[in-house]
Amino acid sequence: MTNFFFDTMNKNDELRSDRMLSNEEKKKYMQLAIDQAKEAKSQGEVPIGAVVVDPAGKVIGTGYNRRELDEDATQHAEMIAIKEACDNLGMWRLIDCSLFVTLEPCPMCAGAIINSRIKDVYFGALDHKAGACGSVVDLFSVEKFNHHPHAVRGLYHDQCAQMLKDFFRAIREKQKAAKQAQKETESQ
Ligand SMILES: [Zn+2]
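From N to C terminus, the protein chain includes six helices and five strands. Walking the protein chain from its N terminus toward its C terminus, one meets helices and strands in the order α-α-β-β-α-α-β-α-β-β-α. Across the 188 residues that make up the protein chain, the buried fraction comes to 34%. Relative to all contacts within the protein chain whose residues are 6 or more apart in sequence, the contacts with residues 24 or more apart total 56%.

In structure tokens, the structure reads:
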């Protein structure tokens, strides 16, 4: 019975539409994810943004990292965008949908992508410390899972990585300035 279920799921996977996104479309959606990342940054969060696009090309979910704002480890950009997409469609299956995100998904988000049956994932910067789409581990290629999203790595990588670098550099400079100010106060 269990095998039958999984066989059925795989057959459904094969029946998915294979409309390819044009480079213009990819650029447009990644720019929307970058806009979401900028929104995170404006609120003092690590700049990471995501959007979910349905097979017709409509944006059905957006999200940006809100981990600090909400004091919640699960509030990653992808999780928020996926939840919004499910709410909008009124179903948990995001068949044939694509997700665009500025940073390689972590294991939690890669799990949510698999569970929601998202078809294609486009991400910008690679995450060598937590990336679960090839950098640390590749959850999308684990054969025993019943769904294997297709990942496109490094779309607008430089722009996405630079946003993160600039954010962390600004934090380091702030900390340095605060330390310096403290030293000066102590030596007076
Ligand atoms: Zn994540």
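Once the structure has been displayed, the description carries forward.
This part takes up the packing of helix H4 (residues 77–89) against helix H5 (residues 107–115). Between H4 and H5, the shortest axis-to-axis distance is 9 Å and the interhelical angle comes to 20 degrees. When the axes of H4 and H5 are compared, the pair comes out roughly parallel. Judged by the sense of rotation from one axis to the other, the crossing of H4 with H5 is left-handed. Between H4 and H5, the residues in contact are Glu78, Met79 and Ile82 and Cys109, Ala112 and Ile113, respectively. Taken together, the residues of the contact of H4 with H5 sort by class into five nonpolar, no polar and one charged.

Any region with low pLDDT has predicted coordinates that should not be read closely. On average, residues of the protein chain carry a pLDDT of 91, and 90% of them reach 70 or more. Long-range and interchain partners of residues 1–17, a stretch whose pLDDT sits below 50, account for nine contacts in this model, where long-range means more than four residues apart.

We now examine unusual backbone geometry. Its identity as a non-glycine residue notwithstanding, aspartate 96 has a phi of 65 degrees, on the positive side. Mapped onto the elements of the fold, aspartate 96 is located in the loop between H4 and strand E3 (98–103).

Turning our attention to the nonpolar core. Within the largest apolar cluster, 42 residues are counted, with the highest numbers of intra-cluster contacts made by Ala33, Val52, Ala81, Leu99 and Phe100. Among the elements of the structure, helix H2 (23–42), strand E1 (49–53), H4, E3, H5, strand E4 (120–125) and helix H6 (157–187) are those that each provide at least two residues to this core. Once residues lying within four places of it in the same chain are set aside, the contact partners of alanine 81 are Ala50, Val51, Val52, Gly61, Thr62, Gly63 and Leu99.

This paragraph deals with the sheet that holds strand E2 (residues 59–64). The strand order across the open sheet built from five strands is E2-E1-E3-E4-E5, with neighbouring strands paired in mixed fashion. The sheet terminates laterally at E2 and strand E5 (150–153), the two strands that pair on one side only. Mean inter-strand twist for the sheet, computed between neighbouring axes without regard to direction, equals 15 degrees. Bridging between E3 and E4 involves five bridges; their strand directions are parallel. Counterpart to leucine 103 in the pairing with E4 is alanine 125. Contacts from H2 reach E1, E2, E3 and E4 within the one sheet, and its direction differs from that of E1 by about 140 degrees. Running over the sheet, H6 touches E3 and E4 and is turned about 55 degrees from E4.

A few words now on H4. Taking 1.5 Å of rise per residue, 13 residues should cover 18 Å, and H4 covers 18 Å from first to last C-alpha, within 8% of that figure. Of all the positions in H4, only Ala77, Glu78, Met79, Ile80, Ala81, Ile82 and Ala85 are classed as buried. Those residues of H4 that are buried lie in contact with H2, E1, E2, E3 and H5. Within two residues after H4, glycine 90 carries a phi angle of roughly 70 degrees, on the positive side.

Turning our eyes to something else, we now look at H2. Between its first and last C-alpha, H2 extends 28 Å over 20 residues, near the 28 Å set by a 1.5 Å rise per residue. Inspection of H2 places Tyr29, Met30, Ala33, Ile34, Gln36, Ala37, Ala40 and Lys41 among the buried residues, and these make up the whole buried set. In an axial view of H2, the angular spread of the buried residues amounts to 155 degrees, which keeps them on one side of the axis. Opposite the buried face of H2, at more than 90 degrees from it, the exposed residues are Glu24 and Ser42. Looking at the packing, one finds that the buried side of H2 touches E1, E2, H4, E3, E4 and H6. Within two residues after H2, glycine 44 carries a phi angle of roughly 80 degrees, on the positive side.

Procedures and definitions
- Residues numbered from 1 in each chain as written.
- Predicted model: local features only at pLDDT ≥ 70, side-chain atom pairs only at ≥ 80, totals over all residues.
- Helix = DSSP H or I, 4+ residues; strand = E, 2+ residues; numbered from the N terminus.
- Buried ≥ 20, exposed ≤ 12 C-beta atoms within 10 Å, placed from the backbone.
- Contact = placed C-beta atoms within 7 Å.
- Axes fitted to C-alpha atoms, helices over the stretch in contact; angles between N-to-C directions.
- Parallel < 35°, antiparallel > 145°, perpendicular 65-115°, else oblique.
- Left-handed = near helix turned anticlockwise from the far one by under 90°.
- Nonpolar A, V, L, I, M, F, W, Y, C, P; charged D, E, K, R; others polar.
- pLDDT = per-residue confidence, 0-100.
- Core = buried A, V, L, I, M, F, W, Y, C linked by C-beta atoms within 7 Å.
- Pairing = 2+ DSSP bridges.
- Expected span 1.5 Å × (residues − 1).
- Arc of directions from axis to C-beta.

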